[in-house]
Amino acid sequence: MKKNLMQATLAIAGSMVFVAAESVRAQGSEELLLFSRQNFGISSARSAGMGGAFTSLGADAATMSINPAGIAMYGRGEVSVSPGLRISGRAADYSGPGGNVSNKLSKTKGNVGSFSMVYAGDHFALGFGMNRLADFNGRSHAIGYGEKLSIGDMFVEQLYGVPSSTIGSPDNNVYRAFFDYPPAMWGAIMGYQTALLDPVPGTGIGPDNPQAYTMTNMIQSGTLIYPDWYRRTSGAINEYTISGGYNLKDILYIGATLGIQDIYYSRFDTYSEFASTGNVGLESMYYDQNLRMSGAGVNIKVGATVRPMPWLRIGVAYHSPTWINMSEEYDANMTVWDTRYKEPGYSDTPILRNEYNMRTPSRLLAGVSATIGTAGIISVDYERTWYQHMKYTSDGYQDVNEEIGALYTPSDVVRAGVEFQPVRSLFLRAGYGYSSSVYKGSEFRRYGEYQQWSGGIGYRNRAVSVDLAYVYGSAKQMPYKPFDYTASDDYQVCTDGTIYTEDKNHNVILTFAVKF
C-alpha cells in the first residue's frame, strides 16, 4: 500500500478511468480527495483576514458555509460582494539520475470569493449567498534528464499478449481499438499506432506464443531519454447557500444551511520525451491528455453558538457529506517524431464520456472567541474531517472505496485569528491555519499538509463596510513518477526520477457590503 501511494502513472492518470464488464468506471481516490478538501479562508475578506476562524463568530457571508448560526448575529440586512485575485504558484523538482532539476510556474486569475444577501428581523435572519470553497487554477512543469527507459517501455508491457491486428486504425473505423479496450490501455494503443513500438517478429502465432512488442527500432543501446511533464488545471468549487438562523436573547444562536455546490475541474497534461543526440529513430514524442469534469452536489449544515458571558462565544457546527453527481469527458492524442521520416506519427482517441455519483466526508467544527473590551477579538477553531469515509456511491467501485479506506485518515484543522480596533471604525486582522495530512503512514505525513497565513484591514460604519485581506498558503503534494507500471509477473517499468511538487498560493480579497 505504501508503494501505491508513490505511484502515479502519468500514462493513465490523465483519465484514471477503467472498464468493468461493459461499463466505464470513474475516477480514482485522488480525484475524490480533490473535491473533498475545502478552504473556508478564501471567501470573504473579514473571515479570510482572520484565518477562517469563524465557527463562533457571525454576521459575515462566510458563516453560511462555516457555522450557519452566525447568520442570526446580523442586526440589520446586508448585501455584500467579494471580488478577488489569486496567484497560483507551483514548484516542481525532478529528482533523477541526472540530478535535481527545479522549475516554477504561476497563474493569475480573478474571481468572486463570495456574495450574500441577508434579511434580518428582530430575532431571526434569512440569507442567500455564494462562497468559493476551492480553487483549482494552476500550472506546473517538471523537467528531467538521463533516464534509461521510455514511456514506450511501459506500453510494451501493457500490450503484451494483445494481437496487433486488434489495435490498428483501419480507415473504415479509426477508433475501433479504443472501443474494444479499456482507457487504461489507450496510451499504449496510440504508442503502437504512431510506430513508437513495433510487434516482435515471430510472436503472436498460436496460444503458446503471445504477441510481444519492442522499442528496439526506435531507441538504440546507450540512448538517454529526457522527459518533460506539463500540467495546467482550472476550475473551482462554488457553494450556493440558503441559510436561516434564530437569535434567542443574544445568548443562543442556532442556524441551518442548505448548500448546493457547483463544481468544475479541467486538466490538461502533456508528457514529452526527447532522445539524446545521435539516436536513430525516436527524436521526440508528445502525449496530450484532456480531462473535463463538472458536477453538482448538495449538503446540509447545522450549527449553534452560545454566549454564556457577554465577552465569550462558543460555537459548534456539523457539515453533512456532500452528495455529488459528476460528469466527465476525457480524450488524448500522441505525436511521435522519427529521425528517419519527415512526417510524424499521430493518433488520437474518441471522447470518453462518463457519469457517476460520489460522497465527500462529513465535518465537525468547534470554535471559541473572546472579545477584549472594545479593543478586538481573538478566535480559535478546530475542525475534524473523516477522509477515509469518502466514497463512490455508484455501482462498480468497491475496490476504489477499499483503497480510500486503506490510504486516507482523518485530518485535523486548527485556525486562529485576531481582529484589533486601534481607532473607531478601523480594524486590523491576522490569521493562521494548519491542516494535517490526509495520508496514512508517518513517512507520508508531511505530504498533504497545508498551512495558511493571512492579514487584513477593514473600515466599517453603520451603513457600509470595506474589507481587504491577503492570504498566503503552501502545501507539499504527494511525490510521484512520470510513469510507473507493474506487469502481472511483477516486472516493474518506471522512471528513475521522482517529481516533488509544492504549491504556494496568494489570494487578495476585497469585500464591499451595504447595510439596510
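About the cut-offs
- Per chain, residue numbering runs from 1 following the sequence as it is written.
- Thresholds applied to this predicted model are a pLDDT of at least 70 for local features of residues and 80 or more for the giving and counting of side-chain atom pairs; totals over whole chains, interfaces and linings are not thresholded and use all residues.
- Values reported for side chains reflect all heavy atoms of the structure, with hydrogen atoms and water molecules removed beforehand.
- Only DSSP runs of H or I covering at least 4 residues are called helices, and only runs of E covering at least 2 are called strands; the numbering of each starts at the N terminus.
- Contacts between residues were defined by any pair of non-hydrogen atoms, one from each residue, lying within 4.5 Å.
- Only the six-membered ring of Trp is used, alongside the rings of Phe and Tyr, when aromatic pairs are assigned; centres must lie within 6.5 Å, and planes under 30 degrees apart are stacked while those over 60 apart are edge-to-face, with the rest tilted.
- Categorising residues by exposure relies on relative accessible area from a 1.4 Å probe, with only protein chains included: less than 20% of the type maximum marks a residue as buried, more than 50% marks it as exposed, and the intermediate range marks it as partly exposed.
- Each residue carries a pLDDT value, the predictor's own confidence for that position, ranging from 0 to 100.
- Salt bridges are identified by distance alone: a Lys or Arg side-chain nitrogen within 4 Å of an Asp or Glu carboxyl oxygen.
- Nine residue types can take part in a nonpolar core, namely buried Ala, Val, Leu, Ile, Met, Phe, Trp, Tyr and Cys, and a core is a set of them joined through side-chain atoms within 4.5 Å.
- Starting at the helix axis, one direction is taken to each C-beta atom, and the arc is that of these directions.
- For patch detection, residues must exceed 30% relative accessible area and be free of salt bridges, and they are connected within 9 Å for like charges or within 5 Å for nonpolar side chains (Val, Leu, Ile, Met, Phe, Trp, Tyr).
- Computed with a 1.4 Å probe, the accessible areas rest on the Shrake-Rupley method; for each residue, only the protein chains presented here act as cover.
- Only four residue types enter the tally: Lys and Arg on the positive side, Asp and Glu on the negative side; His and the chain ends are excluded.
- Here the site of a charge means NZ on Lys, CZ on Arg, CG on Asp, or CD on Glu.
- Any N or O atom pair separated by 3.5 Å or less is treated as a polar contact, with the protein-specific requirement of one donor-capable and one acceptor-capable atom, and with residues adjacent in sequence counted only for side-chain atom pairs.
- Two strands are said to pair when DSSP picks up at least two bridges between them.

A. Spatial organisation of the side chain of Ser140. Mapped onto the elements of the fold, Ser140 is located in strand S6 (residues 138-143). Discounting chain neighbours no more than four positions away, the residues touching Ser140 are Arg90, Leu105, Trp229, Tyr230 and Arg231.

B. View of the packing of aromatic side chains. Throughout the structure, instances matching the rule amount to 19 aromatic pairs. With a centroid separation of 6.4 Å and an interplanar angle of 75 degrees, the aromatic rings of Phe155 and Tyr287 are classed as edge-to-face. Here Phe155, found in helix H6 (residues 151-158), pairs with Tyr287, found in strand S11 (residues 282-309); they are 132 residues apart in sequence, far enough to count as distant. In this pair, the class of Phe155 matches that of Tyr287, namely buried. Arranged with centres 5.6 Å apart and planes meeting at 40 degrees, the rings of Tyr408 and Tyr439 form a pair that is tilted. Within this pair, whereas Tyr408 is found in the loop between helix H9 (398-407) and strand S19 (411-423), its partner Tyr439 is found in the loop between strand S20 (426-435) and strand S21 (450-460), the two being separated by 31 residues in sequence. Here Tyr408 matches Tyr439 in class, with each residue buried. Pairwise contacts between aromatic rings join Tyr175, Phe178, Trp186 and Tyr330 into one cluster.

C. Geometry of the confidence of the model for the chain. Averaged over all residues, the pLDDT of the chain is 91; the fraction at 70 or higher stands at 94%. Looking across the chain, the model is least confident in strand S1 (residues 19-20), with a mean pLDDT of 29, and most confident in strand S12 (residues 312-319), with 98. Here residues 1-26 is modelled with pLDDT under 50, and outside its nearest four sequence neighbours on either side it reaches 86 contacts, counting other chains as well.

D. Quick look at the pattern of salt bridges. Overall, the coordinates contain 19 salt bridges when judged by the stated rule. Taking the shortest distance from any N to any O, the salt bridge between Arg292 and Glu329 comes out at 3.3 Å. Here Glu329 lies in strand S13 (residues 323-338) and Arg292 lies in strand S11, a separation of 37 residues in the sequence. Here Arg292 falls in the partly exposed class, since its relative accessible area comes to 24%. One network of salt bridges, with partners in common, ties together Arg46, Glu419, Arg429, Arg460 and Asp467.

E. Expanded view of the nonpolar core. With 77 residues, the main nonpolar core has Phe35, Phe155, Leu196, Leu282, Met285, Tyr287 and Tyr408 as its most contacted residues. Looking at this core, the element that brings in the most residues is S13, giving 6 residues. Leave out the neighbours within four places in its chain, and Phe35 touches Phe136, Ile237, Ile263, Tyr265, Met293, Met326, Met358 and Thr360.

F. Structural detail: H9. All of the buried residues along H9 are Val400, Asn401, Ile404 and Leu407. In a view along the axis of H9, the buried residues occupy a sector of 130 degrees, so they form one face of it.

G. A look at unusual backbone geometry. One non-glycine residue, Ala59, lies in positive phi territory at about 55 degrees. Summarising the element assignment, Ala59 is placed in the loop between helix H4 (45-49) and helix H5 (63-66).

H. Representation of a positive patch on the surface. There is a patch of like positive charges on the surface, built from Lys104, Arg446, Lys476 and Lys504. Relative to the assigned elements, Lys504 resides in strand S25 (residues 498-515). Residue classification places Lys504 among the partly exposed residues on the basis of a relative accessible area of 36%.

I. Representation of the side chain of Glu419. Here Glu419 is to be found in strand S19. For Glu419, a relative accessible area of 6% translates into the label buried. Here the side chain of Glu419 touches Arg429 through a polar contact of 2.6 Å, side chain to side chain. Discounting residues that sit within four places of it in the chain, Glu419 has contacts with Arg46, Met50, Ala375, Gly376, Ile377, Phe427, Leu428 and Arg429.

J. Focus on the pairing of S12. As defined by bridge partners, S11 adjoins S12 across 7 bridges and the pair is classed as antiparallel. Residue pairing across strands places Thr305 opposite Gly315, the latter belonging to S12. Count of turn residues in the S11/S12 antiparallel hairpin: 2 residues. Looking at chain direction, S12 and strand S16 (residues 363-372) are connected through 8 bridges and run antiparallel. Residue pairing across strands places Gly315 opposite Gly367, the latter belonging to S16.

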